[in-house]
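Observations on chain architecture
The lines below spell out each chain.
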Amino acid sequence: MTTLEQQPTAAGSGAAATAKFAAARVSTDTPPERLAAIATDVLQALGRIIDDHGITYPEYRVLKQWLIDVGEYGEWPLWLDVFVEHNIEEVAYRGHSGTKGSIEGPYYVADTPRLPAVSTLPMRTDEQGTPLVFAGQVRDLEGAPLPGATIEIWHADAQGYYSHFAPNVPDGILRGTVEVDEQGRFAITTVRPAPYQIPTDGPTGWFIEKAGWHPWRPAHLHLMVKAPDKRTITTQLYFVGGDWVDDDVASAVKPELILRPTADTDGVEHVDYDFVLDPA
Ligand code: MBD
Ligand code: FE
């Protein structure tokens, strides 16, 4: 039986994502002159938009209420990662020549259990979804295998929910840190995730609906690939022909990141994807 507190809600996933993010207490060393230059440009751009559109007092007050609501629902990690992170990622990996990156999103969990190169991700005994074997090799830019690499993988289940952020999914499900073998190879068995819908019952969903946009991300695997002396790449992989692949609300799809799995006679899908890491 499903009880009330097991129903995923915007406030529930938002609170979990905000609590996880806030626990890290991030900091950086932006000098005051740089901060001032950025803040000046942001405020000028905002002033120009208010002027161009003739923004009214009622609109300004609704904006204020909406900003308050996003905070109260814990949806800042969600809203920012959906609408802003893709620009940050593009700038951060400008000139990078290995595997293309994509946004981390709000649902990464660090320090997931270590798994051997050939593994099945933790899943429920009755886990739904098409079985998927995702295999490949991690190499450097010269093509040399990277036996010290790890692949952190996390993804939604076949209903589109992430463990640790949805109360109906047990902690640890569909997450792990895979240690590649001596040839840098891995083969991970999991299930195909469903597309992800931004919660429609919170302020991010309200904003999307009022704008007449859609709240969907295409089905995706999240990956973070690390190796000694190499630059960590955070990315996502998508499925050819899947819903929303050509129209991601988070603008995070790149053509190099689309998988083309093939089904075997048992209905298990197989796909190979190799990762190439730049020097640190
Ligand atoms: C997701 O699953 C996601 O990957 C991003 C980037 C934003 C919201 C939900
Ligand atoms: Fe995601």
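Note that the structure is a prediction, hence the values are computed from the model and not measured.

We now examine the site of ligand 1. Ligand 1 sits among Leu78, Val82, Ile103, Gly105, Pro106, Tyr107, Tyr162, Tyr196, Arg217, His220, His222 and Gln236. Interatomic distance of 2.9 Å between a side-chain N/O atom of Arg217 and an oxygen atom of ligand 1. Burial of ligand 1 by the surrounding chains reaches 100%, relative to a free accessible area of 260 Å². Mapped onto the shell around ligand 1, the elements with two or more residues apiece are helix H4 (76–83) and strand E9 (220–226). Each residue belonging to the shell around ligand 1 can be placed in one class, and the counts come to seven nonpolar, four polar and one charged.

Right, let's get into the packing of aromatic side chains. Per the counting criterion, the structure on display carries 20 aromatic pairs. Positioned above the aromatic ring of Tyr93 is the side chain of Arg231, whose terminal nitrogen or guanidinium carbon lies 3.9 Å from the ring centre.

Turning to the UniProt feature "domain: Intradiol ring-cleavage dioxygenases" (unreviewed entry) in the chain, a few remarks are in order. This chain's UniProt record puts "domain: Intradiol ring-cleavage dioxygenases" (unreviewed entry) on residues 134–162. Spanning residues 134–162, this segment combines 0% helix with 45% strand, and its end C-alpha atoms are found 19 Å apart.

This part is about the coordination of the iron ion (ligand 2). Looking at the iron ion (ligand 2), one finds its protein donor set to be Tyr162 (OH), His220 (NE2) and His222 (NE2), positioned 1.9 to 2.1 Å from the metal centre. Mapped onto the sequence, the residues coordinating the iron ion (ligand 2) show the spacing Y-x57-H-x1-H. Here Tyr162, found in the loop between strand E4 (150–155) and strand E5 (175–179), pairs with His220, found in strand E9; they are 58 residues apart in sequence, far enough to count as distant. Of the residues examined, Tyr162 reaches a relative accessible area of 3% and is grouped as buried.

Attention now goes to the pattern of salt bridges. Counted according to the given criterion, the structure contains eight salt bridges. Taking the shortest distance from any N to any O, the salt bridge between Lys254 and Glu89 comes out at 2.9 Å. Of the two residues, Lys254 is situated in the loop between strand E10 (233–239) and strand E11 (258–259) and Glu89 in helix H5 (residues 85–92); the sequence distance between them amounts to 165 residues. Taking the shortest distance from any N to any O, the salt bridge between Glu179 and Arg114 comes out at 2.7 Å. Of this pair, Glu179 sits in strand E5 while Arg114 sits in strand E1 (residues 114–115); the two residues are 65 residues apart in sequence, bridging distant segments of the chain. Using a relative accessible area of 55% as the deciding quantity, one classes Arg114 as exposed.

Moving on, we get to the pairing of strand E13 (residues 269–272). Going residue by residue along E13, you find Glu269 and Val271 tucked away on one face and His270 and Asp272 left uncovered on the opposite face. For strand E3 (residues 131–140) and E13, the ladder comprises four bridges, and the chain directions are parallel. Looking at the pairing, Ala135 lines up with Asp272 of E13. Pairing analysis gives two bridges linking strand E12 (residues 262–263) to E13, with the strands arranged antiparallel. Bridge pairing in E13 places Thr262 opposite His270. A loop of five residues connects E12 with E13, the two strands running antiparallel in sequence, and Gly267 in this loop sits at a positive phi of about 80 degrees.

Rules of the game
- Residues numbered from 1 in each chain as written.
- Chains lettered and ligands numbered in written order.
- Predicted model: local features only at pLDDT ≥ 70, side-chain atom pairs only at ≥ 80, totals over all residues.
- Heavy atoms only, no water.
- Near = heavy atom within 4 Å.
- Polar contact = N/O pair within 3.5 Å; in protein donor to acceptor, adjacent residues only side chain to side chain.
- Areas by Shrake-Rupley, 256 points an atom, 1.4 Å probe, with all protein chains shown as cover.
- Helix = DSSP H or I, 4+ residues; strand = E, 2+ residues; numbered from the N terminus.
- Nonpolar A, V, L, I, M, F, W, Y, C, P; charged D, E, K, R; others polar.
- Phe/Tyr/Trp six-rings, centres within 6.5 Å; stacked < 30°, edge-to-face > 60°.
- Lys NZ or Arg CZ within 6 Å of the ring centre and 35° of its normal.
- UniProt positions renumbered as here; feature names shortened; annotations may be inferred.
- Donors = N, O, S within 2.8 Å, 3.2 Å for Na, K, Ca; no water.
- Buried < 20%, exposed > 50% of the residue type's maximum accessible area, 1.4 Å probe, protein only.
- Salt bridge = Lys/Arg side-chain N within 4 Å of Asp/Glu carboxyl O.
- Pairing = 2+ DSSP bridges.

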